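Working through the structure, step by step
Chain by chain, the residues run as shown.
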Amino acid sequence: SYGAYYSWYAVTAGTGAQSMSSGNAASSICPRGWRLPTGGSDGEFQILYNKWTPATWTTYNGKNGRWLGAPSASGGAFFPAAGYYDESSPRDIGSNGSYWSSTAYSNNSAFNPYFYSITFTDRSPKYLGFSARCIAR
């Protein structure tokens, strides 16, 4: 009920190769006119998080998650705690949110907002299955 999970290689439509250790992937699975947000300490996910730093844990439309950017639909974006998919099964649905950015961190990891109810971090192994949240170009 939370949507699909993608590895970083899949969400970047193959342009985010394992040998890519920095920079933004050239493409994504986002629809025409949309793209993946950038990651890292100056990336678009971090900017959105910084706009409303309380980013409090809440329930919206029956899903746990966080509002980023503002505390409601008027100016903010709700990120459900969709969990993630490891090598064998879904994990932490309802208590963890993980979304891919277009930005590589190293050969084996990429930037992503990854939040539990109280923490916010930003890089994970590229093979894990996370959600995608596209933004308009």
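Up top is the structure.
My aim in this report is to walk through the structure given alongside it, one point at a time. (Residues numbered from 1 in each chain as written. Predicted model: local features only at pLDDT ≥ 70, side-chain atom pairs only at ≥ 80, totals over all residues. Heavy atoms only, no water.)

Once that is clear, we can look at the overall build of the chain. From N to C terminus, the chain includes 2 helices and 10 strands. Ordered by position in the sequence, the α and β elements of the chain form the string α-β-α-β-β-β-β-β-β-β-β-β. The globule rule puts the C-alpha radius of gyration for 137 residues at 14 Å, and the 14 Å found for the chain is close to it. Considering only C-alpha atoms, the chain reaches an extent of 40 × 35 × 25 Å along its principal axes. Across the 137 residues that make up the chain, the buried fraction comes to 43%. In the chain, the proportion of contacts linking residues at least 24 apart, taken out of those at least 6 apart, comes to 48%. Roughly 6800 Å² of accessible area belongs to the chain as shown, and the carbon and sulfur atoms make up 51% of that amount. Of note, the chain has its 10 positive side-chain charges centred 9 Å away from the centre of its 6 negative side-chain charges. (Helix = DSSP H or I, 4+ residues; strand = E, 2+ residues; numbered from the N terminus. Rg over C-alpha atoms; globule rule 2.2 N^0.38 Å. Buried < 20%, exposed > 50% of the residue type's maximum accessible area, 1.4 Å probe, protein only. Contact = heavy atoms within 4.5 Å. Areas by Shrake-Rupley, 256 points an atom, 1.4 Å probe, with all protein chains shown as cover. Lys, Arg positive; Asp, Glu negative; His and termini not counted. Charge placed at Lys NZ, Arg CZ, Asp CG, Glu CD.)

If you walk through the whole model with that rule in mind, you get 1 disulfide. The side chain of C30 participates in a disulfide bridge whose partner is C134; the two sulfur atoms lie 2.1 Å from each other. Where C30 bonds to C134 through sulfur, the torsion about that S-S bond is close to -85°, and the disulfide is left-handed. Residue C30 is located in the loop between α1 (8-11) and β1 (34-35), and its partner C134 is located in the loop between β9 (120-125) and β10 (135-136); the two are separated by 104 residues in the primary sequence. (Disulfide = S-S within 2.5 Å.)

Turning our attention to the pattern of salt bridges. What the rule picks out here adds up to 2 salt bridges. Between D86 and R91 there is a salt bridge; the shortest N-O distance is 2.7 Å. Taking relative accessible area as the criterion, R91 reaches 35% and is therefore assigned partly exposed. (Salt bridge = Lys/Arg side-chain N within 4 Å of Asp/Glu carboxyl O.)

Let's shift gears to the side chain of S98. Structurally, S98 is set in strand β7 (residues 97-98). Polar side-chain contacts of S98 include one of 2.9 Å to the side chain of N96. Not counting residues within four places of it along the chain, the set of residues in contact with S98 comprises G83, Y84, N112, P113, Y114, F130 and S131. (Polar contact = N/O pair within 3.5 Å; in protein donor to acceptor, adjacent residues only side chain to side chain.)

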